[in-house]
Amino acid sequence: MAAIVSYRDLDVYRAAFRLQQEIYSASKLWPREERYALTDQVRRASRSVGANLAEAWQKRRYEAHFVSKLTDADAELNETRHWIDTARACGYIGAEAHQALLRDANVIGKQVGAMIRDASSWCRSKG
């Protein structure tokens, strides 16, 4: 297992980045009238997951700040799930794509949850 020296080395960050890109690709096909509504919202929320993970990594010197940013990432992930469900309900994505996106989101959620539960071990490193 390679040493984690950057947020980019975190499996959870890489998974969140992949999810945001999958959502971006899928949302390119959605109706133009959704551009400033659903499309913008799901893209922003999904991008925010990785951004909050990057911020959490930088704040790991202070456990409370670290956990705060992780909970922000978790909240944005839940918003992303909502928009994925909305896209399915509107018929913009099929059942298979919907399930695949939610499966990826659930894996990320479990990883973020594990980091929150074990925050002190992530914060031991002061560098």
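Look up a bit, the structure's there.
The present account deals with the structure reproduced in this document. (Residues numbered from 1 in each chain as written. Predicted model: local features only at pLDDT ≥ 70, side-chain atom pairs only at ≥ 80, totals over all residues. Heavy atoms only, no water.)

Considering all chains together, one arrives at 4 salt bridges under this definition. As a salt-bridge pair, Lys-69 and Glu-55 come within 3.3 Å of each other at their nearest N and O atoms. Within this pair, whereas Lys-69 is found in helix H3 (residues 63-89), its partner Glu-55 is found in helix H2 (residues 35-58), the two being separated by 14 residues in sequence. Residue classification places Glu-55 among the partly exposed positions, given a relative accessible area of 35%. Asp-72 is paired through a salt bridge with Lys-69; the nearest N and O atoms lie 3.3 Å apart. Here the residue Asp-72 and the residue Lys-69 both occupy positions in helix H3, the gap between them amounting to 3 residues, near one helical turn. Taking relative accessible area as the criterion, Asp-72 reaches 32% and is therefore assigned partly exposed. Among the charged side chains, a network of salt bridges with common partners joins Glu-55, Lys-69 and Asp-72. (Salt bridge = Lys/Arg side-chain N within 4 Å of Asp/Glu carboxyl O. Helix = DSSP H or I, 4+ residues; strand = E, 2+ residues; numbered from the N terminus. Buried < 20%, exposed > 50% of the residue type's maximum accessible area, 1.4 Å probe, protein only.)

Turning our attention to the side chain of Arg-43. Here Arg-43 shows up in helix H2. Although Arg-43 is buried, it makes no salt bridge; Asp-40 carries the closest opposite charge, 6.9 Å away. Within the structure, Arg-43 has its side chain in polar contact with the side chain of Ser-27 (distance 2.8 Å). Beyond its immediate sequence surroundings of up to four residues, Arg-43 is in contact with Tyr-24, Ser-27 and Lys-28. (Lys, Arg positive; Asp, Glu negative; His and termini not counted. Polar contact = N/O pair within 3.5 Å; in protein donor to acceptor, adjacent residues only side chain to side chain. Contact = heavy atoms within 4.5 Å.)

Before going further, it helps to spend a moment on the environment of Cys-123. Positionally, Cys-123 belongs in helix H5 (residues 119-123). In this structure Cys-123 comes out as buried when scored by relative accessible area, which is 5%. Residues Cys-123 and Val-67 lie 56 residues apart in sequence; the distance between their C-alpha atoms is 9.8 Å. Every residue in contact with Cys-123, bar those within four places of it in the chain, is listed here: Arg-60, Glu-63 and Phe-66.

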